[in-house]
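Residue-level structural notes
Spelled out, the chains give:
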Amino acid sequence: MPTTARKIASFPLAVKMVMIDLDGTLIDTVPDLAAAANRMLADLDRPAWGIEHYRAWIGNGVPRFVKRALTGEMQAEPDAALNERGLALFRQHYGEAVSNLSRPYPGVVEALEQLTDQGYALACITNKAEVFTLPLLKNLELHKYFKLVLSGDSLPKQKPDPLPLQHACRHFGIDAAHGVLVGDSSNDVHAARAAGMPVICVTYGYNHGHDIRQSLPDAVVDSLMEIPQYLKLYA
Ligand SMILES: O=C(O)COP(=O)(O)O
Ligand SMILES: [Mg+2]
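Residues numbered from 1 in each chain as written. Chains lettered and ligands numbered in written order. Predicted model: local features only at pLDDT ≥ 70, side-chain atom pairs only at ≥ 80, totals over all residues.

A few words now on the domain arrangement of the protein. Segmenting the protein into domains produces domain 1 (13-28 + 102-233) and domain 2 (30-96). Of note, the centres of domain 1 and domain 2, computed from C-alpha atoms alone, are 24 Å apart. For the side of domain 1 that touches domain 2, the per-class residue count stands at four nonpolar, nine polar and three charged. (Domains from an automatic or database assignment. Nonpolar A, V, L, I, M, F, W, Y, C, P; charged D, E, K, R; others polar.)

The following block contains the structure:
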């Protein structure tokens, strides 16, 4: 077998743990993120961006999201003083309205119920800062499904680094082969590949404005309701 070939996952995957991304996978968070960022820009006397810009800017954590809103570019560095003010204003505005408009995507609650009933350990692995992740999950009553929640600042590195996925494996005492990540972006695919884990992606998420199929996840689904059929419980 050629050593360069990517191992193709065979379904159903025998797993114990299902890790699920937050923004763009569990919850449509862009309306509250956009509102908070536009409030920050108004405070700074700068023009607002439309929601489509914000959709493409989600996925690499809050500090990078704020830099994108300040510069209009994916990787640019704003003036340091402006960035510091912007980040503080964004944190204030988003903290005040983290779940005003954000809602779970259709099928999410049903899928979490089903996966829980079937005996999978569920973990939420997001690049969102913990100060926002936990209230958002609690306010939308999703927190109760997750035995572990890892945010973008819970560990020294975030996705696309494999560290959060490896940490979750250690937490549950399982091998990488017995976990699966469900996400919406290339960060999720890269993190899973680096951890040696299968990855299933949703078609409805953000992924920086690109089609997630280009990142070659093991499977794509239109709803989390489709996830159970790809899995069997590893005993
Ligand atoms: O960019 C963020 O803040 C979070 O993104 P994620 O939940 O998709 O990892
Ligand atoms: Mg995401």
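Here six strands make up an open sheet; going across it, the order is E6-E5-E2-E7-E8-E9 and the pairing parallel. Bordering the open sheet on either side are strand E6 (148-150) and strand E9 (219-221), each of which pairs with just one other strand. When strand polarity is set aside, the average angle formed by the axes of neighbouring strands in this sheet is 20°. As paired strands, strand E8 (residues 199-202) and E9 are joined by three bridges and run parallel to one another. Following the sheet pairing, Cys201 is matched in E9 by Val220. In the packing of helix H8 (residues 186-195) onto the sheet, contacts are made with strand E7 (179-183) and E8, and the angle to E8 comes to roughly 175°. (Pairing = 2+ DSSP bridges. Helix = DSSP H or I, 4+ residues; strand = E, 2+ residues; numbered from the N terminus. Axes fitted to C-alpha atoms, helices over the stretch in contact; angles between N-to-C directions. Contact = placed C-beta atoms within 7 Å.)

This part is about the packing of helix H1 (residues 30-43) against helix H4 (residues 80-96). As a packed pair, H1 and H4 sit with axes 8 Å apart at the nearest point and diverge in direction by 135°. By the criterion of interaxial angle, the relationship of H1 to H4 is oblique. With respect to the hand of their crossing, H1 and H4 are arranged in right-handed fashion. Every residue of H4 that contacts H1 at Asp32, Leu33, Ala36, Ala37, Arg39, Met40 and Asp43 is listed here: Gly86, Leu89, Phe90, His93 and Tyr94. (Parallel < 35°, antiparallel > 145°, perpendicular 65-115°, else oblique. Left-handed = near helix turned anticlockwise from the far one by under 90°.)

Another point: the site of ligand 1. Around ligand 1, a shell composed of 16 residues is seen, among which Leu22, Asp23, Thr126, Asn127 and Lys128 lie nearest. The residue makeup of the shell around ligand 1, split by class, is four nonpolar, eight polar and four charged. Split by domain, the shell around ligand 1 shows at least three residues from each of two domains, domain 1 (13-28 + 102-233) and domain 2 (30-96). (Near = placed C-beta within 6 Å.)

Interhelical geometry of helix H3 (residues 62-71) versus H4 gives an angle of 115° and a closest axis separation of 10 Å. Judged by the inter-axis angle, H3 sits roughly perpendicular to H4. With respect to the hand of their crossing, H3 and H4 are arranged in right-handed fashion. Mapping the contact onto sequence places Pro63, Val66, Lys67 and Leu70 in H3 and Leu82, Asn83, Gly86, Leu87 and Phe90 in H4.

With that out of the way, let us pick up the confidence of the model for the protein. A residue-level look at the protein finds 97% of positions with pLDDT of 70 or above and a mean pLDDT of 96. Taken together, the stretch residues 1-5 has pLDDT below 50 and engages in zero contacts with residues farther than four places along the chain or on a different chain. (pLDDT = per-residue confidence, 0-100.)

Judged by nonpolar contacts, the single largest core of 60 residues is most densely connected at Val18, Met19, Leu33, Leu165, Val180 and Leu181. Looking at this core, the element that brings in the most residues is H1, giving six residues. (Core = buried A, V, L, I, M, F, W, Y, C linked by C-beta atoms within 7 Å. Buried ≥ 20, exposed ≤ 12 C-beta atoms within 10 Å, placed from the backbone.)

Glancing now at the environment of Gly61. Mapped onto the elements, Gly61 comes out in the loop between helix H2 (51-57) and H3. Linking Gly61 and Gln158, residues 97 residues apart in sequence, is a C-alpha distance of 8.4 Å.

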